[in-house]
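Spelled out, the chains give:
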Amino acid sequence: MIALIQRVLHASVDVDGETVGAIGPGLLAFACVQPGDTPARIAKMADRLAAYRVFADAAGRMNVGLKDHGGGLLLVSQFTLGADTASGLRPSFSTSAPPDEARVGFEALVAACRERLPVVETGRFGAHMQVSLVNDGPVTFWLET
């Protein structure tokens, strides 16, 4: 599983002109399910999203995770994170899970995050989405499990 996370002041996802998910301060996470992602790998990603230390402590160091900092998590499924871009001019998506497998994995990630965090919003799986955000920092990290 891959996640691209961004610390945000706020973020939202629109589908067909309707906001389907929005958060204030917190994390925006674009998530890609890969073939064979197991429940253990999905749980590990949920643990990392809840605890990855990207928020400032009293000394101003990135030393606090989302669970302790507060704020929301906005999860957006994004299969393009799994693209193979090593050669050519067109990405290959052979390292992203097929849609049915990806949907199950993404829904499991959402459920696991909701067990760990009080505020979890999502985009809409498989939809054409418009994502708006204000990156705070900027702070952006690539996570893999």
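These notes cover the structure that comes with them. Here, residues in each chain are numbered from 1, in the same order as that chain's written sequence. Since the coordinates come from a predicted model, pLDDT governs what is reported: local features require at least 70, and pairs of side-chain atoms require 80 or more to be given and counted, while whole-chain, interface and lining totals use all residues. To obtain the side-chain values, all non-hydrogen atoms of the structure were included, while hydrogens and water were left out.

### Overview of the nonpolar core
Most often, soluble globular proteins keep nonpolar side chains buried together rather than apart. Worth spelling out the cut-off: Residues belong to one nonpolar core when they are buried, are Ala, Val, Leu, Ile, Met, Phe, Trp, Tyr or Cys, and are joined through side-chain atoms within 4.5 Å. Three labels apply to residues, based on accessible area from a 1.4 Å probe with only protein chains included: buried if under 20% of the type maximum, exposed if over 50%, partly exposed otherwise in between. Strands are runs of DSSP state E lasting at least 2 residues, helices are runs of H or I lasting at least 4, and numbering of each runs from the N terminus. Working rule for contacts: check all heavy atoms of both residues, and any pair within 4.5 Å makes them a contact.
Ranked by internal contacts, the top residues of the largest apolar core, which has 30 residues, are L49, L73, L75, L109 and C113. Those elements that provide at least two residues to this core are β1 (2-15), β3 (26-32), α1 (39-51), β6 (72-77), α3 (99-116) and β8 (130-144). Per-element accounting of this core gives the leading share, six residues, to α3. Among all residues touching L49, those that are not within four sequence positions of it are A3, I5, L27, A29, L66, L73, L75, L109, C113 and L143. Counting residues in hydrophobic clusters, the runner-up holds 14 residues, among them I2, V8, L74 and V76.

### Side note on the pairing of strand β2 (residues 18-23)
The test is simple: Pairing between strands is defined by DSSP: at least two bridges between the two strands are required.
Where β1 meets β2, five bridges bridge the pair, whose relative direction is antiparallel. Its bridge partner being in β2, S12 is matched across the sheet by A22. Hairpin remark: β1 followed by β2, antiparallel, with two residues in the connecting loop; positive phi at D16, about 50°.

### Description of the pattern of salt bridges
Worth spelling out the cut-off: A carboxyl oxygen of Asp or Glu within 4 Å of a side-chain nitrogen of Lys or Arg is what we treat as a salt bridge.
Evaluation of the coordinates by the stated rule reveals four salt bridges. Among the ionic pairs, D37 bridges to R41, the shortest N-O distance being 3.5 Å. On the accessibility criterion, D37 (13% relative accessible area) is buried. Residue class for R41 comes out partly exposed when judged on its relative accessible area of 32%. Connected through shared salt-bridge partners, D47, E115 and R116 make up one network.

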